[in-house]
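# Breakdown of the fold
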Amino acid sequence: MKKQLSIIGVPMDLGQNRRGVDMGPSAIRYAGVIERLERLNYIIDDLGDIEISRPDRKELQANQRLKNLSEVADGNELLAKKVDEVIQAGNFPLVLGGDHSIAIGSLAGIAKHHKNLGVIWYDAHGDLNSADTSPSGNIHGMPLAVNIGIGHERLTNILGYSPKIKPENIVIIGARSLDHGEKELINELGIRVYSMHEIDRMGMAKVMSEVIESFKGKTDGVHLSLDLDGLDPNEAPGVGTPVIGGLSYRESHLAMEMLSESDIITSAEFVEVNPILDEKNKTASLAVGLMGSLFGEKLK
């Protein structure tokens, strides 16, 4: 991986209903991410946080098909431009969330530099909803759909192009909560999904070996989008949409270690850390530990 990392915080909590996830970037910094990565000999440029505008009270309370659309779109436009600048400068973009709607902006800024960007979506959810299929209207359940060109044009057309990624270049790992519309889309487009069923049967080592091999010779970069709710709530309690029966601490570290050894990851984001729901910053500390493994930390 590139030794120069640019950290971008995105205090976005408008893609869902639970307050607190906007403090995720601060919690991850407090848990020592910069110091951890500097010990691995990375040069860290912390670019601070993207400014996220707040909707007025009436809009916050309105029952919308796409909640807080304007503010989510505006914040992601700013993020996309910042990520674009980071890549143009030759640095590795490391984005800290915030809710998962920020993947709309991060991928918009990243994908314009690749012809065939691969995406690893490490998550309990598919995030493949649209206004037509979403039970809630929460945009944090839509970013993967948006990036394949499905959704409102304010979201799909960030930085002026769509789609950002191809369905055949996506792998979802850890899924265990998919809505009906998401299942239909996965089957229609042939998106690869390693649910907890497959992970339990195959083991994480086999899953990650297949994932890594599937990208070789096919993609010109791989983005890791890691939602902390991909892990079991016992491991990561500080998330807004916990789903029991998730990935373990050890499975997740193994996955990150194997990605580090493969040297295929060209950008990454860690999202959905909510310190209000957490236990003594446990989830943010876990996120930092996973980043350590991803960026080459070893016992010996």
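Below is a short write-up of the structure. This one's a predicted model, so the numbers in the text were calculated from it and none came from an experiment. (Residues numbered from 1 in each chain as written. Predicted model: local features only at pLDDT ≥ 70, side-chain atom pairs only at ≥ 80, totals over all residues. Heavy atoms only, no water.)

### Thoughts on the packing of helix α11 (residues 249-262) against helix α12 (residues 282-294)
- Orientation of α11 relative to α12, taken along the N-to-C sense of each, is 30°, at an axis distance of 7 Å. Here Tyr249, Ser252, His253, Met256, Glu257, Leu259 and Ser260 of α11 lie close against α12, whose contacting residues are Leu286, Gly289, Leu290, Ser293 and Leu294.
- Here the contact of α11 with α12 is composed, by residue class, of 6 nonpolar, 5 polar and 1 charged. (Axes fitted to C-alpha atoms, helices over the stretch in contact; angles between N-to-C directions. Helix = DSSP H or I, 4+ residues; strand = E, 2+ residues; numbered from the N terminus. Contact = heavy atoms within 4.5 Å. Nonpolar A, V, L, I, M, F, W, Y, C, P; charged D, E, K, R; others polar.)

### Here's the deal with the nonpolar core
- Ranked by internal contacts, the top residues of the largest apolar core, which has 51 residues, are Tyr122, Leu224, Leu259 and Phe295.
- Among the elements that line this core, the one with the most residues is α12, at 7 residues.
- Those residues within four positions of Leu259 in sequence are excluded, and the remaining contacts are Ile120, Met208, Ile212, Leu224, Ile264, Ile265 and Leu294. (Core = buried A, V, L, I, M, F, W, Y, C linked by side-chain atoms within 4.5 Å. Buried < 20%, exposed > 50% of the residue type's maximum accessible area, 1.4 Å probe, protein only.)

### Considering the packing of helix α10 (residues 204-215) against α11
- Running from N to C, α10 and α11 cross one another at 30°; their axes reach a closest spacing of 10 Å. By crossing handedness, the relation of α10 to α11 is classed as right-handed. Note on element contacts: α11 touches α10 through Glu251, Leu254, Ala255, Met258, Leu259 and Ser262, opposite Met204, Ala205, Met208, Ser209 and Ile212. (Left-handed = near helix turned anticlockwise from the far one by under 90°.)

### Some words on the pairing of strand β3 (residues 92-97)
- Burial runs high along β3: 6 of the 6 residues are buried.
- On β3, burial covers both faces: Phe92, Leu94 and Leu96 on one face and Pro93, Val95 and Gly97 on the other are all buried.
- The pairing of strand β1 (residues 4-10) with β3 spans 6 bridges and is classified as parallel. Across the sheet, residue Ile8 finds its bridge partner in β3, namely Val95.
- Relative to strand β8 (residues 265-271), β3 is paired through 3 bridges, and the arrangement is parallel. Its bridge partner lying in β8, Leu96 is registered against Phe270. (Pairing = 2+ DSSP bridges.)

### Description of the pairing of strand β4 (residues 118-122)
- The buried count for β4 comes to 5 of 5 residues, which makes it a mostly enclosed element.
- Of the two faces of β4, the one holding Gly118, Ile120 and Tyr122 and the one holding Val119 and Trp121 are both buried throughout.
- Examined bridge by bridge, β4 and strand β7 (residues 222-227) share 5 bridges and lie parallel to one another. Bridge pairing in β7 places Tyr122 opposite Leu226.
- Here 4 bridges tie β4 to strand β5 (residues 170-175), and the two strands are oriented parallel to one another. Looking at β5, one finds that Val119 is bridged to Ile170.

### Section: the pattern of salt bridges
- Scanning the model with the defined rule gives 12 salt bridges in all.
- Notably, a salt bridge pairs Lys112 with Asp84, separated by 3.1 Å at the nearest N-O pair. You can see Lys112 sitting in the loop between α5 (103-111) and β4 and its partner Asp84 sitting in helix α4 (residues 69-88), a full 28 residues away along the chain.
- On the basis of relative accessible area, Lys112 is assigned to the partly exposed category, the value being 45%.
- For Asp84, a relative accessible area of 10% corresponds to the buried category.
- A single network of salt bridges, built from pairs that share partners, joins Asp13, Arg19, Asp22 and Arg54. (Salt bridge = Lys/Arg side-chain N within 4 Å of Asp/Glu carboxyl O.)

### Brief notes about the sheet that holds β7
- Spatially, β2-β1-β3-β8-β7-β4-β5-β6 is the arrangement adopted by the 8 strands of the open sheet, whose pairing is parallel. In the strand order of this sheet, the two ends are held by β2 (43-49) and β6 (192-195), each with one partner. The sheet shows a mean angle of 15° between the axes of neighbouring strands, taken without regard to direction.

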